[in-house]
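Chain residues, written in single-letter form:
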Amino acid sequence: MKKAGFTLIELLVVISIISLLSSVVLTSVNSARAKARDARRLADVSQLVTALQFYYDANNAFPPTPGCVNGWCCLGHGDGGRCWANNYTGNTALDNGLAPYLPKIPDDPLNNTSRYGDAYMYRVDNDALGTYATLHWGVEKSNPTTQDCAGGTIGNWGAGLGIGSNYYCMLPIR
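Just so it is clear, the model here is predicted, and its values are computed rather than measured. (Residues numbered from 1 in each chain as written. Predicted model: local features only at pLDDT ≥ 70, side-chain atom pairs only at ≥ 80, totals over all residues. Heavy atoms only, no water.)

Novice: Account for unusual backbone geometry, with residues named and values stated.
Specialist: Despite not being glycine, Asn-143 has its phi angle at roughly 55°, a positive value. Turning to its location among the elements, Asn-143 is positioned in the loop between strand S5 (130–139) and strand S6 (153–156). Despite not being glycine, Asn-166 shows a phi value in the positive range, around 75°. Residue position: Asn-166 is located in the loop between S6 and strand S7 (167–173). (Helix = DSSP H or I, 4+ residues; strand = E, 2+ residues; numbered from the N terminus.)

Printed below as a string of structure tokens:
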């Protein structure tokens, strides 16, 4: 009399197939999450640009960045906050200056990851055309386009330093 059941080989084959399928699904889910975070970054940058333009219209200048490292400030992190591998600081006066135009300053979706690209950065510069502000943030897409950077410029900070693909965006606001 033969017993009903599965052989060890049959069980191993089924387990192998399930493992293969789950790895394919997890890979595609992680890719979708990175795309969603990049889409959120573009929406956040649009809000920040609008708030900075409203501030400029009301004050005839962009918010100053005293006490920030080389003029770069972590937006929304206040005086005690740090970002970008702990290399940059926030500024409460800057955050408060934007508060009437932006109730809550958005934070990068990967904030608190202690990796590059964990906050939106802001700086004020001057050139031959006058004073302008610059927003800086990381992206996870490999080989982004200017469209992925809201029309700004694309940079690469080197292998192993980025938040997914080592790219960042810089958007001047005039």
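After that view, the rundown keeps rolling.
Novice: Residue-level account of the sheet that holds strand S1 (residues 73–74), with values.
Specialist: With antiparallel pairing, the 5 strands of this open sheet are ordered in space as S1-S4-S5-S7-S6. Of all the strands in the sheet, just S1 and S6 have a single pairing partner and so form its edges. Where S6 meets S7, 4 bridges bridge the pair, whose relative direction is antiparallel. Among the inter-strand pairings, Asn-156 is bridged to a residue of S7, identified as Tyr-167. Docked against the sheet, helix H1 (residues 8–59) engages strand S4 (121–127), S5 and S7, running at close to 160° with respect to S5. (Pairing = 2+ DSSP bridges. Contact = heavy atoms within 4.5 Å. Axes fitted to C-alpha atoms, helices over the stretch in contact; angles between N-to-C directions.)

Novice: Break down the side chain of Glu-140 for me, with residues and values.
Specialist: Its location among the elements puts Glu-140 in the loop between S5 and S6. Separated by 3.1 Å, the side chains of Glu-140 and Arg-41 make a polar contact. Apart from the residues lying within four places of it in its own chain, the contact partners of Glu-140 are Ala-34, Arg-37, Asp-38, Arg-41, Leu-110, Ile-163, Gly-164 and Ser-165. (Polar contact = N/O pair within 3.5 Å; in protein donor to acceptor, adjacent residues only side chain to side chain.)

Novice: Which residues make up the pattern of salt bridges, and what values do they have?
Specialist: Under the criterion given, the structure shown has 8 salt bridges. A salt bridge links Arg-174 to Asp-127; the shortest N-O distance between them is 2.4 Å. In this pair, Arg-174 sits in the segment after S7 while Asp-127 sits in strand S4, placing the two residues 47 residues apart along the sequence. Salt bridges sharing partners connect three or more residues here, namely Arg-37, Asp-38, Arg-41, Asp-108 and Glu-140. (Salt bridge = Lys/Arg side-chain N within 4 Å of Asp/Glu carboxyl O.)

Novice: Could you give an account of the environment of Arg-37, with specific residues and numbers?
Specialist: Mapping Arg-37 onto the fold places it in helix H1. Classification of Arg-37 as partly exposed rests on a relative accessible area of 22%. Sequence separation of Arg-37 and Val-139 is 102 residues, and the distance between their C-alpha atoms is 8.4 Å. Excluding anything up to four places from it in sequence, Arg-37 contacts Pro-109, Leu-110 and Glu-140. (Buried < 20%, exposed > 50% of the residue type's maximum accessible area, 1.4 Å probe, protein only.)

Novice: Give me the lowdown on the nonpolar core, citing residues and values where you can.
Specialist: By size, the foremost hydrophobic cluster in this structure holds 25 residues, and its most contacted members are Leu-75, Leu-98, Tyr-122, Leu-135 and Trp-137. For this core, the secondary-structure elements that each account for two or more residues are H1, helix H2 (92–98), S5 and S7. Sort the elements by how many residues they give to this core and H1 lands first, with 6 residues. Discounting residues that sit within four places of it in the chain, Leu-98 has contacts with Ala-51, Leu-52, Tyr-55, Pro-63, Leu-75 and Ile-105. (Core = buried A, V, L, I, M, F, W, Y, C linked by side-chain atoms within 4.5 Å.)

The analysis is restricted to geometry; functional conclusions fall outside its scope.
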